[in-house]
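Single-letter residue listing:
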Amino acid sequence: MKKHLVMAVVPFLALGCGDDFKDENGDGIADGVREPDNVTVVTPATPKGTVSGQVLGTDLKPLADASVEITIGSSEEPLAGTTDAKGNFEFKGVPAGSQVLLTFSKTGYATLRATSEVPSSAGNVPINNANVSFGPVTLTRLDGSLRFLLVTPQGRPAANVRATLEASPAGTVVLSNGDNTTGVVSTVVVEATSDEQGVLLFQNIPTAQELARFTNQTGQYRLWVAPTDSNGDGVPEINGYVDTYSAASVVSVGTTRILNLPASRPTGNPLSVEGSNVAALRAAATIHPLNNMVRPGEPIYLYFNQPVQQGSVLARLTDEYFKESLPVTVAVGNGGYSATITPAGNAIQAGKEYNIDVRAASVETGEVYQNQASFFGGEPGSPAAVTIAEARYQETLQPTSAQRLNSGETVYINFSSPVYPSDDGVVEVFFENSLDGDTIQGNSVGEKGNAQGFLLQRAEPFAPYQTQTNKPPVPVFPTIYSGYSTRYSFVFSTSIVDGLSPSAVTMVVEFSQLSRNASVDSYQSIWGQPVVNDLTVNGIAIQPAPVPPPP
């Protein structure tokens, strides 16, 4: 028993003292031992390893003079090396247990990076001179190009658009680290900006042929096109674009693609106005004056359901008489989502009616929006009383030097603001003048005190007064009917042969008499206020008789 116990202890004593077993070459094995066992393994003080491999092209031919850099652990400065004629490389003396990063590059080829760890033990036994093999490493050539034609939603070249292209895989490496084998891939990322013709050219990328063959037709190109803010207002007019193209499809279809870029907010709906202080211009139009009232000095605001093209918003403005265009300026903002139409100076006045014609073109589809609407000047919360602004009759006799108000001539009553009749011809006008030549007031039709006056009809001013014979006045642009009008008229009648002197005329519009007819509502102003007071006007202006046009 004692002999067996002593013999079991001796080998460990020999290993511990190190006198009989030495490791001069630092390989972790006692010198002179070909088949190590547990009594001949010596723990190295600083175990080292080797990192090696081979770099090839995609044709599997060695790449000589390829650059190989190794970064060990957190070291800031990498070690540099090159491949030999057979594409081989080797780094010795790498500390065991280190994380290493290798970068493979060569002019005209893709760059590839891969990481691994140098082994420090085999099981529980420390080892020295362990090896990490990178290989084979394959790199693609960068002699290809890919071309895109970028088109705006309006069908124009999309210039100065930034984009990024990623080609992958541009290289592969097989890592052999003990029992662990891992495939690593590389990508090539390039950027480009389209030219004035919308051409986006990516160069120095793997060719589609090489990428498809090298990766067994799994290679691909991925494209990112950045949103475009051409006017620098912070809102893109055109959204970005992302797509993927297989290398095989590029081989079969070609290297030029046409890309129709999307609008910044594609809806698929017709271009329309979602919001405006002129509600009649909206998609859900409301024609009541209080919803279409613009304060004097206030612009007209338009908010579209999709962006409109810069410079495509056109606006024409006229008052209710359509005599002349009122000057406006137009500004498009918020990436085409809004437009501001500003009338010049004091063009918009309280109590006046205006007509506006608006046109715009969609960024998304090029579709044209066109709409026309009536609106009114005024402050919605500050109603104004309706008065008679002017009375005027249309002279029909020549010469104009002997002008009198005669039977058959039309008299126009112009109110200070538009009014809406409950029914045409229910308000009557009476004269405080004798219309039959006697001195008795009220015994003739149309005289104050008579039961019957002149029925006032709405004379919506679709055009200016006629000034030339055989030449009806032409409005600035086609008119629309709001139902409200400042101009009303009636046909005058008298038995006095030479008519009345315009300056001696006194007329009364009897709105108060409407209350006698329970079935008729009162007239109302654009503020919704009823017009119930009689209105009187002294004197009547003359609209000269139309004259022949100049030769």
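Quick note: structure is the one above.
Computed from a predicted model, the values in this text were never measured in an experiment.

## Observations concerning the overall build of the protein chain
Link 1 in the chain: Counting its regular elements, the protein chain contains three helices and 35 strands.
Link 2 in the chain: When the 551 residues of the protein chain are sorted by exposure, 44% land in the buried category.
Link 3 in the chain: Relative to all contacts within the protein chain whose residues are 6 or more apart in sequence, the contacts with residues 24 or more apart total 69%.
Link 4 in the chain: Surface exposure of the protein chain reaches about 27400 Å², of which carbon and sulfur atoms provide 51%.

## Section: the pattern of salt bridges
Link 1 in the chain: Inspection of every chain in the model, using the stated rule, returns eight salt bridges.
Link 2 in the chain: Between Glu510 and Lys448 there is a salt bridge; the shortest N-O distance is 2.5 Å. Of this pair, Glu510 sits in the loop between β31 (506–509) and β32 (523–525) while Lys448 sits in the loop between β27 (428–431) and β28 (454–455), and the two are 62 residues apart along the sequence.
Link 3 in the chain: You can call Lys448 partly exposed: its relative accessible area is 29%.
Link 4 in the chain: Among the ionic contacts, a cluster of salt bridges with common partners joins Arg141, Asp143 and Glu210.

## Observations regarding the nonpolar core
Link 1 in the chain: Of all hydrophobic cores here, the largest spans 30 residues; its most connected members are Ile413, Phe415, Phe431, Phe490 and Met507.
Link 2 in the chain: Taken together, the elements giving at least two residues each to this core come down to β25 (388–394), β26 (410–420), β27, β30 (485–491), β31 and β34 (535–538).
Link 3 in the chain: A per-element tally of this core places β26 first, with four residues.
Link 4 in the chain: Discounting residues that sit within four places of it in the chain, Phe431 has contacts with Leu405, Gln441, Gly446, Glu447, Lys448, Phe454, Phe490, Phe492, Leu500, Val505, Thr506 and Met507.
Link 5 in the chain: Residues Val161, Ala170, Ala192 and Val225 belong to the second largest nonpolar core, which totals 29 residues.

## Examining the packing of aromatic side chains
Link 1 in the chain: The full count for this structure, using the stated rule, is 19 aromatic pairs.
Link 2 in the chain: Put simply, the rings of Phe89, Phe91, Phe104 and Phe134 touch in pairs and so form one group of aromatic residues.

## Topic: the environment of Leu102
Link 1 in the chain: Here Leu102 is to be found in strand β5 (residues 99–105).
Link 2 in the chain: For the pair Leu102 and Ile72, spaced 30 residues apart in sequence, the C-alpha separation works out to 8.9 Å.
Link 3 in the chain: If we ignore the near neighbours within four places in the chain, the residues touching Leu102 are Val51, Val68, Glu69, Ile70, Phe89, Leu112, Arg113, Ala114 and Phe134.

## Some points on the sheet that holds β34
Link 1 in the chain: Reading across from one edge, β28-β27-β31-β34 is the order of the four strands in this open sheet, with antiparallel pairing throughout. Edge positions in the open sheet fall to β28 and β34, since each of these has one partner strand only.
Link 2 in the chain: In the sheet, β31 pairs with β34 via four bridges, with the strands oriented antiparallel. Paired with Met507 across the bridge in β34 is Val537.

## Re the sheet that holds strand β20 (residues 314–319)
Link 1 in the chain: With mixed pairing, four strands are arranged side by side in an open sheet as β18-β24-β23-β20. Of all strands in the sheet, those with a lone pairing partner are β18 (293–294) and β20, marking the two edges.
Link 2 in the chain: For β20 and strand β23 (residues 353–361), the ladder comprises six bridges, and the chain directions are antiparallel. Opposite Leu317, over in β23, you have Ile356 as the bridge partner.

## Regarding the environment of Gly336
Link 1 in the chain: Here Gly336 is to be found in the loop between β21 (328–333) and β22 (338–343).
Link 2 in the chain: Take Gly336: its relative accessible area is 0%, and that puts it in the buried class.
Link 3 in the chain: The spacing of Gly336 and Pro236 is 100 residues in sequence and 9.0 Å in space, taken between C-alpha atoms.
Link 4 in the chain: Setting aside its immediate chain neighbours within four residues, Gly336 contacts Phe304, Gln306, Pro307, Val308 and Gln310.

Parameters at a glance
Position numbers for residues start from 1 in each chain and track the written sequence from start to end. Where totals are concerned, whole chains, interfaces and linings use all residues; where local detail is concerned, this predicted model gives features only for residues with pLDDT of at least 70, and gives and counts side-chain atom pairs only at 80 or more. For the side-chain quantities, the full set of heavy atoms in the structure was used; hydrogens and water were omitted. Strands here are runs of E lasting at least two residues and helices are runs of H or I lasting at least four, both read from the DSSP assignment and numbered beginning at the N terminus. Buried residues are those whose accessible area, probed at 1.4 Å on protein chains only, stays under 20% of the maximum for their type, while exposed residues exceed 50% and partly exposed ones sit between those limits. Contacts were defined at the residue level, with two residues in contact if any of their heavy atoms lie within 4.5 Å. Computed with a 1.4 Å probe, the accessible areas rest on the Shrake-Rupley method; for each residue, only the protein chains presented here act as cover. Only one rule defines a salt bridge in this text: a Lys or Arg side-chain nitrogen within 4 Å of an Asp or Glu carboxyl oxygen. To form a nonpolar core, buried Ala, Val, Leu, Ile, Met, Phe, Trp, Tyr and Cys residues must be joined to one another through side-chain atoms within 4.5 Å. Any Phe, Tyr or Trp ring, taking Trp's six-membered ring, that has another such ring centre within 6.5 Å forms a pair; planes under 30 degrees apart are called stacked, those over 60 apart edge-to-face, and the others tilted. Each pair of strands is called paired provided DSSP finds at least two bridges between the two strands.

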